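Examination of the molecular architecture
For reference, the chains in residue letters:
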Amino acid sequence: MDQERKRYQIIPAEELRCVWMTANVLTYQLCDREYECDSCPLDAAMRRGFPQAMPQAPAPPAASPRPAADPESLLYSRHHCRLQGSGDSSYRVGIEKTLAAVLLAVKTVVLPSAGQLLRQDQSCAWLVMDGGTLPIRAPAAGRVRALNAKLAENPHLVQEDSLADGWLYELEADASALAKAHLLRSGEAQAKFAKDEARFEAALQKALRGNRPAVGFTLADGGVQLRHCAEMLGPGRYFNLVRRIFA
């Protein structure tokens, strides 16, 4: 039976599904860019065509609510993911607050499939925003146990409430997988993420110094006040800085 299944498998095991196929927007589309979505013309076209939340695959019921985590009990990956354990080899995975703070407004969250087996550092979830599509890497090898169905209609929770309702998925991982992942405790993570934040601020300042066009309309003659660095650089350039430092 397994041989027959492999024989008629539509998507070869070594091929990567496009983010938009994972999100159930495209019926069939493979990725040949190793999830470098920011340079993909299809991704740019799809983001322009889907300004609102995209449909998500039906998610299984999420696990029961968990009490607020002790900061010292949380684990972190070097790629800015946070893991909250439950004591039964399952961990809620979300993005940590440093990354959440620098993102542009997230329009859509594309999640992995329930039951999917993940490799450490595999791109398995994606945050879609104006400037690009940011891949989120699996912090450790394991199996996706549950998805956060709230994100389909409330993608902003990823940024605004990442420690509670904004988690992405639950990962079932054993102790050996966690040991191989070299995850960070709270103190180590804060030091590492502070350095990333400083690198991002330095890169942002450098980009802004090189982005001084001739003065156009001012506020006095009808110009519009820019409230965010991304408005000065443009969403694409800002997103590229975020991806370079945090992804």
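A few points on the structure. These numbers were taken from a predicted model, which means no experiment stands behind them. All residue numbers here refer to positions counted from 1 along the written sequence of the relevant chain. Reporting in this predicted model follows two pLDDT cut-offs: at least 70 for local features of residues, and 80 or more for side-chain atom pairs to be given and counted; totals over whole chains, interfaces and linings ignore these cut-offs and use all residues. Just so you know, side-chain values use all the structure's heavy atoms and leave hydrogens and water out.

1. Here's the deal with the sheet that holds strand β4 (residues 81–85)
- When DSSP finds two or more bridges between two strands, those strands count as paired. A run of H or I in DSSP becomes a helix once it reaches four residues, and a run of E becomes a strand once it reaches two; helices and strands are each numbered from the N terminus. Strands sit in the order β3-β4-β5-β11-β10-β7 across an open sheet of six strands; the sheet is antiparallel. The sheet terminates laterally at β3 (75–76) and β7 (117–118), the two strands that pair on one side only.
- Across four bridges, the pairing between strand β10 (residues 142–147) and strand β11 (residues 169–172) is antiparallel. Pairing of A146 across the sheet is with E170, part of β11.

2. Some words on the packing of aromatic side chains
- Each pair of aromatic rings taken from Phe, Tyr and Trp, with Trp reduced to its six-membered ring, is defined by centres within 6.5 Å and is described as stacked if the planes are under 30 degrees apart, edge-to-face if over 60, and tilted in the remaining cases. Across all of its chains, the model carries three aromatic pairs by this definition.
- Residues Y76 and F193 carry aromatic rings whose centres are separated by 5.9 Å and whose planes lie at 75° to one another, so their mutual orientation is edge-to-face. With Y76 in strand β3 and F193 in helix α7 (residues 186–209), this pair connects stretches of sequence that are 117 residues apart.
- A residue is classified by how much of its surface remains accessible, and Y76, at 12% relative accessible area, is buried.
- Summarising the aromatic geometry, the rings of F200 and Y238 are spaced 5.8 Å apart at their centres and angled 85° between planes, so their arrangement reads as edge-to-face. Remark: Y238 occurs in helix α9 (residues 235–246) and F200 occurs in helix α7; sequence separation between them is 38 residues.
- By relative accessible area, F200 is classed as buried at 4%.
- A simple rule labels every residue: compare its accessible area, found with a 1.4 Å probe on the protein chains alone, to the largest value its type can have, and call it buried under 20%, exposed over 50%, or partly exposed in between. You can call Y238 buried: its relative accessible area is 4%.

3. Some thoughts on unusual backbone geometry
- The phi torsion at H80 lies on the positive side, around 70°, for a residue other than glycine.
- Within the secondary structure, H80 sits in the loop between β3 and β4.
- Overall, H80 belongs to the buried group, its relative accessible area being 0%.
- Positive phi, normally seen in glycine, also occurs at D121, with a value near 70°.
- Within the fold, D121 resides in the loop between β7 and β8 (123–128).
- For D121, a relative accessible area of 36% puts it in the partly exposed group.

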